[in-house]
4 protein chains.
Amino acid sequence: MSDNTFGKMFRVTTWGESHGPALGCVIDGCPPGVHLTREMIQAALDTRKPGTSKFVTQRREPDQVEILSGVFEVDHTDGPRTTGTPISLLIRNVDQRSKDYGDIRNKYRPGHADFTYDAKYGIRDYRGGGRSSARETAARVAAGAVAQEVLKHLYDSKVVLRAGMVQMGAHKIDRTRLNWDTVNNNPFWCPDPEAAKDWETELDKIRKNGSSIGAIIEVMAEGMPAGLGSPVYAKLDTDIAAAMMSINAVKAVEIGAGMAVAELTGEDNADEIRPGKDGPEFLSNHAGGILGGISTGQPIVARFAVKPTSSILTPRKTITKSGEEAEIVTKGRHDPCVGIRAVPVAIAMMACVLVDHALQHRGQCG
Amino acid sequence: MSDNTFGKMFRVTTWGESHGPALGCVIDGCPPGVHLTREMIQAALDTRKPGTSKFVTQRREPDQVEILSGVFEVDHTDGPRTTGTPISLLIRNVDQRSKDYGDIRNKYRPGHADFTYDAKYGIRDYRGGGRSSARETAARVAAGAVAQEVLKHLYDSKVVLRAGMVQMGAHKIDRTRLNWDTVNNNPFWCPDPEAAKDWETELDKIRKNGSSIGAIIEVMAEGMPAGLGSPVYAKLDTDIAAAMMSINAVKAVEIGAGMAVAELTGEDNADEIRPGKDGPEFLSNHAGGILGGISTGQPIVARFAVKPTSSILTPRKTITKSGEEAEIVTKGRHDPCVGIRAVPVAIAMMACVLVDHALQHRGQCG
Amino acid sequence: MSDNTFGKMFRVTTWGESHGPALGCVIDGCPPGVHLTREMIQAALDTRKPGTSKFVTQRREPDQVEILSGVFEVDHTDGPRTTGTPISLLIRNVDQRSKDYGDIRNKYRPGHADFTYDAKYGIRDYRGGGRSSARETAARVAAGAVAQEVLKHLYDSKVVLRAGMVQMGAHKIDRTRLNWDTVNNNPFWCPDPEAAKDWETELDKIRKNGSSIGAIIEVMAEGMPAGLGSPVYAKLDTDIAAAMMSINAVKAVEIGAGMAVAELTGEDNADEIRPGKDGPEFLSNHAGGILGGISTGQPIVARFAVKPTSSILTPRKTITKSGEEAEIVTKGRHDPCVGIRAVPVAIAMMACVLVDHALQHRGQCG
Amino acid sequence: MSDNTFGKMFRVTTWGESHGPALGCVIDGCPPGVHLTREMIQAALDTRKPGTSKFVTQRREPDQVEILSGVFEVDHTDGPRTTGTPISLLIRNVDQRSKDYGDIRNKYRPGHADFTYDAKYGIRDYRGGGRSSARETAARVAAGAVAQEVLKHLYDSKVVLRAGMVQMGAHKIDRTRLNWDTVNNNPFWCPDPEAAKDWETELDKIRKNGSSIGAIIEVMAEGMPAGLGSPVYAKLDTDIAAAMMSINAVKAVEIGAGMAVAELTGEDNADEIRPGKDGPEFLSNHAGGILGGISTGQPIVARFAVKPTSSILTPRKTITKSGEEAEIVTKGRHDPCVGIRAVPVAIAMMACVLVDHALQHRGQCG
């Protein structure tokens with residue numbers, strides 16, 4: 001029941017299995033007149049592509065996207081524009097390597113959705129995890145690329161989205177060294193160049209041991225106006241929380257100061273306000289740019305924790321489909337730190353949520 | 001756009017302002033034939049009622065609920081049953097004490113939604129916070145009481161919901177003393193009786209200083225079957241995260257091990273499985289009872305952080321509605337730790353989410 | 001599943017049974033800043049009130065509406081305005097006269113929903129038809145009154161909604177005498193004063209015989225701009241058709257030329273266009289103001305057929321709840337031509353659909 | 001805002017333009033375990049394929065469908081089954097012949113959506129009508145084929161869907177000759193073989209004149225159980241009306257006796273009931289199998305009127321995009337009676353609505 005759709009006015013429906021013929025999405029409700037080319041979407045997809053470093057799955061997928069509808073070049077001089085009709089995006093799967101699935105087919109991997117899919121549906125496409133594979137997020141990244149163009153269109157390119165890994169295992173970045181411009185210079189999207197170096201050594205060890213490790217991702221949006229969101233159930237933070245929690249392997253989401261608010265007093269937590277030239281200026285941002293579910297005009301800040309992948313070389317106790325005791329070892333191409341690949345997905349999800357709320361706001365409040 | 005509705009098949013729409021004539025909700029999609037009396041709902045409301053201890057707002061609201069529709073006693077022997085039509089619940093506001101709002105009317109309280117409501121709507125019912133007041137959660141608790149009766153109806157009373165405060169400020173409970181049966185014996189819904197005693201002294205100090213403090217709430221459901229939920233965007237954990245994040249003052253949500261998964265290895269995090277007499281038995285529950293967005297049959301466990309209320313006696317810098325510098329002090333009846341009153345709301349939201357997914361599952365999968 | 005809600009951005013949820021304590025609705029998504037008083041809504045309700053002529057049910061319901069939320073008078077000089085939060089409206093039932101339901105309780109009235117409610121829900125509030133009673137439409141009329149104020153707000157009072165009965169039984173109005181200004185001068189909302197006189201004699205005969213008769217209602221909106229609606233499933237005509245078909249006893253809906261288009265040629269049916277001073281001018285309106293699901297700027301015109309009520313004095317064959325042969329006669333206060341009371345409901349539904357599409361359009365297309 | 005999606009639990013999202021690279025749909029919420037092959041869907045598509053007789057557009061589209069997701073053959077002996085995940089269907093466009101669009105590009109065709117698309121979106125894919133083309137219905141037919149397999153799965157193949165043209169222009173079928181088994185034997189899906197012969201001569205004349213004519217289609221479902229549907233806004237007839245009205249060129253929808261109920265008395269209209277061996281037996285079916293929005297167990301019967309296509313050879317007055325007077329003649333491959341091609345679409349839409357309600361009912365009522 002809408003499980004594969006998110007958003008209310010900017011609605012993204014994704015489809016596709018890890019080892020099926022293709023995956024993709026349909027975007028409904030996109031405003032008309034937005035400049036959109038295949039290359040714009042491809043560039044975003046290239047950022048999450050498998051096989052870009054030794055720290056991400058070695059599956060080789062070119063992830064070439066095709067725009068099947070919703071875009072038209074009216075007069076051949078202005079470039080293609082969205083028409084307001086649904087935008088269908090298609091990505092063919094190429095490197096499925098799906099010959100042998102013996103173990104996964106009959107045994108439930110601990111920490112995976114194998115058992116729960118069977119419990120729910122009574123049937124499971126076990127090839128590469130089927131629908132539960134992180135390959136599904138390619139469609140999200142493609143949709144997010146469209147959302148980013150809509151943001152440019154609506155806000156005159158003033159909105160900047162950023163995301164990066166701020167913790168790997170127990171290793172946190174040093175916020176005094178934080179530099180968002182460096183996230184593309186290391187394989188972790190880490191905004192602290194020093195930390196990134198240490199992490200490389202660390203993760204290489206984990207990778208060679210056939211183990212895996214968790215991570216924390218931070219994602220933010222700068223330049224969004226105040227007044228977006230809704231105050232009760234469709235809060236901006238509610239939707240961001242849902243969007244991030246829907247990413248594979250995520251187990252927690254924070255807005256602004258997050259879990260740490262538990263330890264704050266009212267004096268510490270309240271972000272004081274001063275008059276500014278373009279509206280209020282806040283002296284701090286514990287709120288993460290959202291009060292009462294509505295944006296304040298400050299940067300919108302979220303963080304989420306990604307669990308370590310359960311596909312590891314150490315044997316784990318499990319059961320078979322028919323309920324017998326078994327052990328399982330997951331060989332094959334996997335991610336020692338799946339958190340890495342969640343970074344472009346986080347930006348995509350944030351972009352979609354922001355566009356959705358921008359359109360909703362315009363609808364109700366003009 | 002559906003801001004005031006949550007759920008897909010068990011849909012709860014709430015309405016009402018803090019100082020308006022009344023508040024309430026409409027529940028649509030409730031299964032027919034569920035035993036439901038006014039007293040069942042009233043009992044739940046009594047648990048979140050203001051004024052029950054010195055640690056919650058001293059506003060005196062009897063919160064008497066009236067069932068206006070959706071229930072019928074067919075033959076006067078069996079007790080009233082739901083009919084499958086919408087259930088409308090009404091709670092009149094009584095103690096509004098709304099004479100004087102001078103400061104709130106023209107100044108934005110830091111940490112409150114005053115500014116953002118104005119930014120969004122251009123108009124704001126400032127009396128007691130209007131729609132952004134925690135009074136709205138009375139309607140949630142009433143709806144949650146209905147949801148709990150549906151759970152009993154569907155699962156033969158096997159599902160047990162629990163919630164309590166597990167951290168107040170920097171003070172965590174000691175999990176070796178955890179005893180859920182004691183949550184009703186202290187004003188914090190704290191499942192650690194020793195901690196509760198310390199917290200009482202601590203919070204009294206904060207209260208007398210006119211300050212406030214944050215908290216962490218844990219909520220869980222035992223006895224839910226495996227197979228509920230959905231794997232992509234309507235994940236069970238996605239919906240739980242959204243439900244908890246929608247509660248006033250919540251800034252973070254965790255499922256199972258939560259933020260701590262960042263520091264785990266794949267070996268530690270994977271919940272191993274052994275054959276059990278009623279299906280799989282898991283040797284741990286880092287997953288919080290949810291894998292791939294679908295329930296495993298283990299207890300479903302969530303936690304969330306509640307920020308300290310910003311209504312404090314210490315003056316804070318702010319601006320007026322017209323943008324001038326000002327200071328504000330919030331007097332009046334407020335909660336030194338709003339986390340306390342979030343506990344019954346957490347149970348209510350969890351009950352609603354579980355019923356919603358139970359019905360969705362039955363619809364798609366039979 | 002949303003059975004009791006209609007609209008996407010301007011969402012109306014109704015609740016209440018014929019003989020329960022009250023009925024009402026919650027309107028979510030209303031734009032802020034719209035002038036709205038209790039009296040505006042009451043005036044609309046007074047138009048559909050039972051007991052206004054001998055041709056409508058003699059039940060005596062004052063239908064006094066109370067606004068419970070969503071409206072606020074900021075500075076006591078400008079009148080109350082909507083705040084953008086949900087508007088809850090309450091109407092108490094007064095004259096239920098519900099002592100004796102013997103026959104309805106155990107026998108299924110042919111042409112009524114008695115049997116189908118039992119087939120669906122296994123339980124049925126048989127008092128006065130319960131939820132299936134036309135009393136539910138009081139809530140629609142109240143919501144429609146709000147929608148009409150939103151239309152004034154959005155379009156500067158340029159939109160005019162009209163509705164009337166254009167056929168009663170086999171008796172059609174004479175379109176050469178059509179005068180919409182006369183609909184309030186007769187008990188049928190008939191825009192042909194001559195026809196209205198004849199219908200009065202005719203319906204009096206039917207009423208005295210304890211019989212009933214069907215009718216056709218026409219509803220239109222003048223002054224709506226071009227460009228509202230959507231082209232595929234959320235067509236403006238799709239939503240109008242659904243809205244009208246959802247009114248009790250309606251069995252058919254037409255847009256523009258309606259069923260008659262079957263007999264037209266392409267030459268006859270195409271509404272030719274000429275340049276006008278404010279955009280295109282159409283030389284005819286077979287399309288009923290809608291092409292490809294989107295408004296043309298011409299009057300939006302719909303018609304629908306209302307079946308005769310099945311509550312008649314002539315005995316009809318039926319069965320009892322336990323499946324035995326029976327006969328049934330429906331005594332009590334009923335409408336000889338329920339189509340009459342559908343007229344204000346048609347205006348209300350049209351207003352809600354138009355507001356919903358206006359907000360959707362503003363959201364997607366700015 | 002969901003314009004391209006219909007259904008609540010069985011959700012079909014279509015996409016694609018007439019002259020874009022492809023069209024297709026995504027079906028979300030399909031129950032798992034349903035036997036589904038590409039051939040089943042292809043067979044349905046072949047029934048609406050263009051170019052099958054001289055009375056339908058001569059565009060040559062093979063309409064080969066590809067299943068991209070949502071189906072899996074677990075053990076290679078039982079045939080592919082749906083997995084409960086979204087089913088993505090793709091149909092490539094082949095014969096676009098889109099060289100020359102001069103006239104359509106700058107002039108608005110009367111009776112087409114050209115002007116209204118521009119009024120709404122400010123941009124329009126004019127090639128072959130873009131999204132407003134009847135080619136979109138290929139995706140509906142594909143989705144409907146899936147829905148039909150779900151109906152077989154749910155109801156053990158007891159449900160029979162039928163549709164046919166019952167009126168062309170002023171020429172109605174003779175109901176005494178009605179034989180649904182003959183609909184495949186003539187180019188009109190006409191259930192009266194004699195009428196079909198006359199229509200052939202008649203329509204050939206119209207075709208040669210470059211003119212067009214309207215039609216009425218009847219669609220029905222036999223064998224559906226009682227109790228499906230909902231009583232207020234999500235009525236079974238409301239959803240059928242919306243589904244049929246959403247088909248291109250449809251201007252009216254009737255359920256059961258339809259517009260004719262206006263002329264009936266309560267005595268005539270009430271379908272009397274007698275005890276039957278499998279529940280109630282109705283002595284007539286004016287209700288079209290639906291009372292109070294819920295199915296009675298009788299055949300569900302709807303009819304709808306399709307306007308004549310406005311693409312005709314006779315010049316029509318119109319305006320250009322820039323508002324100047326003009327004349328337009330539509331050459332090219334068009335349908336003299338588009339009603340013909342609506343017949344398979346009607347079956348598809350009916351199947352989707354029935355599955356959607358079957359799942360909703362199972363969800364709420366078990």
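Since we're looking at a predicted model, the values are computed, not measured.

### A closer look at the overall build of chain A
Right, on to step 1. From N to C terminus, chain A includes eight helices and 18 strands.
Right, on to step 2. In terms of overall size, chain A behaves like a compact globule, its C-alpha atoms giving a radius of gyration of 21 Å where 366 residues would be expected to give roughly 21 Å.
Right, on to step 3. Residues counted as buried form 68% of the 366 residues belonging to chain A.
Right, on to step 4. When contacts within chain A are restricted to residue pairs at least 6 apart in sequence, those whose partners lie at least 24 apart make up 70%.
Right, on to step 5. Taken as a whole, chain A presents about 11400 Å² of accessible surface, with 48% of it coming from carbon and sulfur.
Right, on to step 6. For chain A, the centre of its 44 positive side-chain charges and the centre of its 45 negative side-chain charges are spaced 6 Å apart.

### Some points on the interface of chain A and chain C
Accessible area lost when the parts come together is the quantity often used to give the size of an interface.
Right, on to step 1. Facing the 14 residues of chain A at the interface are 14 residues of chain C.
Right, on to step 2. Summing both partners gives a buried area of about 1000 Å² for chain A against chain C, and 61% of it is carried by carbon and sulfur.
Right, on to step 3. Inspection of the chain A/chain C interface yields zero salt bridges.
Right, on to step 4. Taken together, the connections running from chain A to chain C amount to nine residue pairs in polar contact (both at pLDDT 80 or more).
Right, on to step 5. Here the residues of the side of chain A that touches chain C are counted per class, giving seven nonpolar, six polar and one charged.

### Some words on unusual backbone geometry
Residue and element names in this part refer to chain B.
Right, on to step 1. Non-glycine residue Asp-156 carries a positive phi angle of around 55 degrees.
Right, on to step 2. Along the chain, the position of Asp-156 falls in the loop between helix H4 (136–155) and strand E8 (160–168).
Right, on to step 3. A residue is classified by how much of its surface remains accessible, and Asp-156, at 58% relative accessible area, is exposed.

### Considering the relation of the copies chain A and chain C
Right, on to step 1. Least-squares fitting of chain A to chain C yields an RMSD of 0.0 Å, with the superposition described by an axial translation of 0.0 Å and a rotation of 180 degrees. Such a combination of rotation and displacement between the chain copies is what one expects of a two-fold axis. No C-alpha of chain A approaches the rotation axis more nearly than that of Gly-363 of chain A, which lies at 1.8 Å.

### Let's talk about the interface of chain A and chain B
Right, on to step 1. The interface is formed by 104 residues belonging to chain A together with 104 residues belonging to chain B.
Right, on to step 2. Of the roughly 8500 Å² buried where chain A meets chain B, counting both sides, 63% is carbon and sulfur surface.
Right, on to step 3. Counting across the chain A and chain B interface gives four salt bridges.
Right, on to step 4. Put simply, chain A and chain B have 55 residue pairs in polar contact (both at pLDDT 80 or more) between them.
Right, on to step 5. The class makeup of the residues in the side of chain A that touches chain B is 50 nonpolar, 34 polar and 20 charged.
Right, on to step 6. Here strand E11 (residues 250–255) of chain A runs beside strand E11 (residues 250–255) of chain B; their pairing, made up of three bridges, is antiparallel. Each bridged residue has a counterpart across the sheet, and for Val-253 of chain A the counterpart in E11 of chain B is Val-253 of chain B.

### A short note on H4 of chain B
Right, on to step 1. Under the 1.5 Å per step criterion, the end-to-end length of H4 of chain B is 29 Å for 20 residues, consistent within 8% with the ideal 28 Å.
Right, on to step 2. Two residues or fewer after H4 of chain B comes Asp-156 of chain B, characterised by a positive phi angle close to 55 degrees.

### Focus on the pairing of strand E2 (residues 11–16) of chain C
Residue and element names in this part refer to chain C.
Right, on to step 1. Most of E2 sits inside the fold, with six of its six residues counted as buried.
Right, on to step 2. Burial along E2 is two-sided: Arg-11, Thr-13 and Trp-15 facing one way and Val-12, Thr-14 and Gly-16 facing the other are all buried.
Right, on to step 3. Alignment of strand E1 (residues 5–6) against E2, held across two bridges, turns out to be antiparallel. Within the sheet, the bridge partner assigned to Phe-6 lies in E2 and is Val-12.
Right, on to step 4. What sits between the antiparallel neighbours E1 and E2 is a turn of four residues, in which Gly-7 has the positive phi angle 95 degrees.
Right, on to step 5. Between E2 and strand E3 (residues 22–28), which pair antiparallel in sequence order, lie five residues.

### Observations concerning the confidence of the model for chain A
Low pLDDT means the predicted coordinates in that region are not meant to be read closely.
Right, on to step 1. Mean pLDDT over chain A works out to 93, with 96% of the residues at or above the 70 mark.
Right, on to step 2. Across the whole predicted complex the pTM is 0.97, and at the interface the ipTM reaches 0.96.

### Details of helix H8 (residues 339–365) of chain A
Residues and elements named next belong to chain A.
Right, on to step 1. A rise of 1.5 Å per residue sets the reference length of H8, with its 27 residues, at 39 Å; its end C-alpha atoms lie 38 Å apart and thus fit the reference within 8%.
Right, on to step 2. A bend of about 25 degrees at Val-345 is the largest found in H8.
Right, on to step 3. Positioned one or two residues after H8, Gly-366 has a phi angle of 80 degrees, which is positive.

### Things to note about the sheet that holds strand E4 (residues 65–67) of chain C
Residue and element names in this part refer to chain C.
Right, on to step 1. The strand order E1-E2-E3-E7-E4 describes an open sheet built from five strands, whose pairing is antiparallel. The sheet terminates laterally at E1 and E4, the two strands that pair on one side only.
Right, on to step 2. Taken together, the six bridges between E2 and E3 define a ladder with antiparallel strand orientation. Across the sheet, the residue bridging to Thr-13 is Val-26, located in E3.
Right, on to step 3. Against the sheet, helix H1 (residues 38–48) engages E4 and strand E7 (87–92), with an angle of about 150 degrees to E4.
Right, on to step 4. Of the strands in this sheet, E2, E3 and E7 touch helix H4 (residues 136–155), which is tilted by about 35 degrees from E3.

### Focus: the pairing of strand E11 (residues 250–255) of chain D
All names here are of chain D.
Right, on to step 1. Burial runs high along E11: six of the six residues are buried.
Right, on to step 2. One ladder, built from five bridges, connects E11 with strand E16 (residues 300–306); its direction is antiparallel. Paired with Val-250 across the two strands is Val-306, which belongs to E16.

### Points about the side chain of Thr-85 of chain A
Right, on to step 1. Mapped onto the fold, Thr-85 of chain A is located in the loop between strand E6 (81–82) and strand E7 (87–92).
Right, on to step 2. By relative accessible area, which is 4% here, Thr-85 of chain A ends up buried.
Right, on to step 3. Polar side-chain contacts of Thr-85 of chain A include one of 2.8 Å to the side chain of Thr-83 of chain A.
Right, on to step 4. Here the side chain of Thr-85 of chain A touches Glu-17 of chain D through a polar contact of 2.7 Å, side chain to side chain.
Right, on to step 5. The contacts of Thr-85 of chain A, once residues within four sequence positions are left out, are Ile-27 and Gly-70 of chain A together with Glu-17, Tyr-117 and Arg-131 of chain D.

### Looking at the sheet that holds strand E9 (residues 171–172) of chain C
Right, on to step 1. Across the sheet, which stays open at both edges, the ten strands sit in the order E9(C)-E8(C)-E10(C)-E16(C)-E11(C)-E11(D)-E16(D)-E10(D)-E8(D)-E9(D) with antiparallel pairing between neighbours. Sheet topology places E9 of chain C together with strand E9 (171–172) of chain D at the edges, where each strand pairs with a single neighbour.

### What about the packing of aromatic side chains?
To describe a pair of aromatic rings, you give the distance between the ring centres and the angle between the ring planes.
Residue and element names in this part refer to chain A.
Right, on to step 1. In the structure shown here, the tally under the stated rule is 28 aromatic pairs over all chains.
Right, on to step 2. Taken together, the ring pairs connect Phe-55, Phe-188 and Trp-199 into an aromatic cluster.
Right, on to step 3. Over the ring of Tyr-121 we find Lys-120, and its NZ or CZ is 5.6 Å from the ring centre.

### Overview of the packing of helix H4 (residues 136–155) of chain A against H8 of chain A
Axis angle and axis distance: for two packed helices, these are the angle between their axes and the distance between the axes, and together they describe the pair.
All names here are of chain A.
Right, on to step 1. Contact geometry for H4 and H8: axes closest at 7 Å, N-to-C directions at 45 degrees. Put simply, H4 runs oblique to H8. Viewed along their axes, H4 and H8 form a crossing whose handedness is left-handed. Counting all contacts with H4, which are made through Thr-137, Arg-140, Val-141, Ala-143, Gly-144, Ala-147, Gln-148, Val-150, Leu-151, Leu-154 and Tyr-155, the residues of H8 involved are Pro-344, Val-345, Ile-347, Ala-348, Met-349, Ala-351, Cys-352, Leu-354, Val-355, Ala-358, Leu-359 and Arg-362.

### Some thoughts on the pattern of salt bridges
Between side chains of opposite charge, pairing is possible as soon as their charged atoms come close.
Right, on to step 1. Counted according to the given criterion, the structure contains 88 salt bridges over all chains.
Right, on to step 2. A salt bridge links Glu-66 of chain C to Arg-92 of chain B; the nearest nitrogen and oxygen atoms lie 2.8 Å apart. Of the two residues, Glu-66 of chain C sits in strand E4 while Arg-92 of chain B sits in strand E7 (residues 87–92), which places them in two different chains.
Right, on to step 3. Classification of Glu-66 of chain C by relative accessible area gives partly exposed; the value is 28%.
Right, on to step 4. For Glu-194 of chain C, the salt bridge is made with Lys-197 of chain C, and the minimal N-O distance between the two is 3.7 Å. Separated by three residues within a single helix, Glu-194 of chain C and Lys-197 of chain C lie in helix H5 (residues 193–208), roughly one turn from each other.
Right, on to step 5. Looking at Glu-194 of chain C, the relative accessible area reads 39%, which means it is partly exposed.

The rules behind these values
- Residues numbered from 1 in each chain as written.
- Chains lettered and ligands numbered in written order.
- Predicted model: local features only at pLDDT ≥ 70, side-chain atom pairs only at ≥ 80, totals over all residues.
- Heavy atoms only, no water.
- Helix = DSSP H or I, 4+ residues; strand = E, 2+ residues; numbered from the N terminus.
- Rg over C-alpha atoms; globule rule 2.2 N^0.38 Å.
- Buried < 20%, exposed > 50% of the residue type's maximum accessible area, 1.4 Å probe, protein only.
- Contact = heavy atoms within 4.5 Å.
- Areas by Shrake-Rupley, 256 points an atom, 1.4 Å probe, with all protein chains shown as cover.
- Lys, Arg positive; Asp, Glu negative; His and termini not counted.
- Charge placed at Lys NZ, Arg CZ, Asp CG, Glu CD.
- Buried area = accessible area lost by both parts, 1.4 Å probe.
- Salt bridge = Lys/Arg side-chain N within 4 Å of Asp/Glu carboxyl O.
- Polar contact = N/O pair within 3.5 Å; in protein donor to acceptor, adjacent residues only side chain to side chain.
- Nonpolar A, V, L, I, M, F, W, Y, C, P; charged D, E, K, R; others polar.
- Least-squares fit on C-alpha atoms with pLDDT ≥ 70 in both.
- Pairing = 2+ DSSP bridges.
- Expected span 1.5 Å × (residues − 1).
- pLDDT = per-residue confidence, 0-100.
- Bend = angle between axes of the 7 residues up to and from the residue.
- Axes fitted to C-alpha atoms, helices over the stretch in contact; angles between N-to-C directions.
- Phe/Tyr/Trp six-rings, centres within 6.5 Å; stacked < 30°, edge-to-face > 60°.
- Lys NZ or Arg CZ within 6 Å of the ring centre and 35° of its normal.
- Parallel < 35°, antiparallel > 145°, perpendicular 65-115°, else oblique.
- Left-handed = near helix turned anticlockwise from the far one by under 90°.

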